[in-house]
Amino acid sequence: MSSQNRTGSRRGKITAITGVAVAGALALTGCSSEVARGWLPSDKDVTNHTGRIIDLWVNSWIAAIAVGFVTWGLIIWCIIAYRRRKGTTGFPKQLSYNLPLEVFYLTIPLFMVLVFFYFTDRDQQAIDDRSKPADVVIDVRGKQWAWDFNYKQGDVVKTAVYEGGVQAHLTGNDVDKDKLPTLYLPVGKSVELELNSRDVIHSFWVPAFLQKRDMIPGKTNYMDFTPTKEGTYDGKCAELCGEYHSEMLFRVKVVSESEFQAHMAQLQQQGNTGELGNKYDRNPNLNAKN
């Protein structure tokens, strides 16, 4: 009996020390900025949506980890409390059902799903809200394997201009990012991107914006946001679109309005007025039939 008590006491000490160590590790890692943003490749002030997305992501993980700890705790408790004791013979009492426990198993997961759905739907509707006209509207066209940007005429863009991009070439050396197709956005101005594809399915992705949207031939998708922090951000196609998919790179420059207007004037001086519209689109499937 004394040996068993010493063993139980030793196990209790080990469990307590382990619990303290785990809690301390979580507390220490929680102090880092990476943990605060859930290891996402962005900060809360890059666009007006990044903070909302980070909060939804981090809070979802906190809820999932809490549920995980409760579940693991119950499993371990059942293993210890209902283990087969020494000298026990036969099978334990068999129960056909436990109504309170089954109600608990049904209501708690249902409640969790409804809570997750509410917050996800709330944030998704806010991110996809197009009820207000944007200050800047840009027709972004993905093509094998580059990007065209059509800056449409509006309150900020006085004359419609375009910029045609060319494919990056990966040779194993450092990429000259100054030669990549570059999308200019004015900081603090609401932006709507009209996402179109000239050929096959592409996907517009700027990791720092925490948003990604497919570009489907014959269908226009939209992305609405307000860039709130000046800087240069890398972008790429996130949908396997052919042999040189990995070379379909671009950049986004969020600049002051004066620098944005200077770039618009530069495109106009280069003769890039108007739009590179759908007359340059192609559909491989339809072309094959012709």
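Being a predicted model, the structure only gives us computed values, none of them experimental. (Residues numbered from 1 in each chain as written. Predicted model: local features only at pLDDT ≥ 70, side-chain atom pairs only at ≥ 80, totals over all residues. Heavy atoms only, no water.)

## Concerning the nonpolar core
In terms of nonpolar packing, the biggest core is built from 35 residues, with Tyr151, Leu193, Phe204 and Phe209 touching the most fellow members. No other element matches the four residues that strand S10 (residues 249-255) contributes to this core. Among the nonpolar cores identified, the runner-up in size contains six residues, and Leu40, Ile53, Val58 and Leu210 belong to it. (Core = buried A, V, L, I, M, F, W, Y, C linked by side-chain atoms within 4.5 Å. Buried < 20%, exposed > 50% of the residue type's maximum accessible area, 1.4 Å probe, protein only. Helix = DSSP H or I, 4+ residues; strand = E, 2+ residues; numbered from the N terminus.)

## Description of the sheet that holds strand S1 (residues 136-143)
Strands belonging to one sheet form pairs held by backbone hydrogen bonds; the direction of such a pair is parallel or antiparallel. Pairing within the open sheet is mixed, and its five strands lie in the order S3-S2-S1-S5-S8. Each having just a single partner strand, strand S3 (161-164) and strand S8 (221-225) make up the two edges of the open sheet. Put simply, the sheet's adjacent strands are angled 20° from each other on average, direction ignored. Across six bridges, S1 lies against strand S2 (residues 146-151) in antiparallel orientation. Along S2, the bridge assignment pairs Val140 with Phe149. Contacting S1, S2 and S3, helix H5 (residues 257-269) crosses the sheet at an angle of about 80° to S3. (Pairing = 2+ DSSP bridges. Axes fitted to C-alpha atoms, helices over the stretch in contact; angles between N-to-C directions. Contact = heavy atoms within 4.5 Å.)

## So, the layout of surface pockets
Within this model, the second largest pocket holds a volume of roughly 450 Å³. Lining the second largest pocket are 16 residues, and of these Leu74, Cys78, Leu101, Phe104 and Tyr105 lie nearest its centre. At the level of secondary structure, the elements contributing two or more residues to the lining of the second largest pocket comprise helix H3 (50-81) and helix H4 (99-127). When residues in the lining of the second largest pocket are grouped by element, the largest group, seven residues, is from H3. Tallied by class, the residues present in the lining of the second largest pocket amount to 14 nonpolar, two polar and no charged. (1 Å grid on protein atoms, 1.4 Å probe; cavity = no way out; pocket = protein on both sides within 12 Å on 5 of 7 lines; lining within 4 Å. Points joined across faces, edges and corners; volume = space filled by probe spheres on them. Nonpolar A, V, L, I, M, F, W, Y, C, P; charged D, E, K, R; others polar.)

## So, the UniProt feature "transmembrane region" (unreviewed entry) in the protein
On the UniProt side, "transmembrane region" (unreviewed entry) is annotated at positions that read residues 57-82 and 103-120 here. As a span, residues 57-82 carries 96% helix and 0% strand, and end to end its C-alpha atoms are 37 Å apart. Annotated as residues 103-120, this span is 100% helix and 0% strand, and its ends, taken at the C-alpha atoms, are 26 Å apart. (UniProt positions renumbered as here; feature names shortened; annotations may be inferred.)

## What to know about H3
With 32 residues, H3 extends 46 Å from end C-alpha to end C-alpha; this agrees with the ideal 46 Å at 1.5 Å per step. What H3 keeps buried is the set Thr50, Gly51, Ile53, Ile54, Val58 and Gly68. At its buried positions, H3 is contacted by helix H2 (33-36), H4 and strand S7 (211-215). (Expected span 1.5 Å × (residues − 1).)

## Re the environment of Phe225
Along the polypeptide, Phe225 turns up in strand S8. For Phe225, the contacting residues outside a window of four places in its chain are Thr47, Asn48, His49, Leu185, Lys189, Ser190, Val191, Leu193, Phe209 and Gln211.

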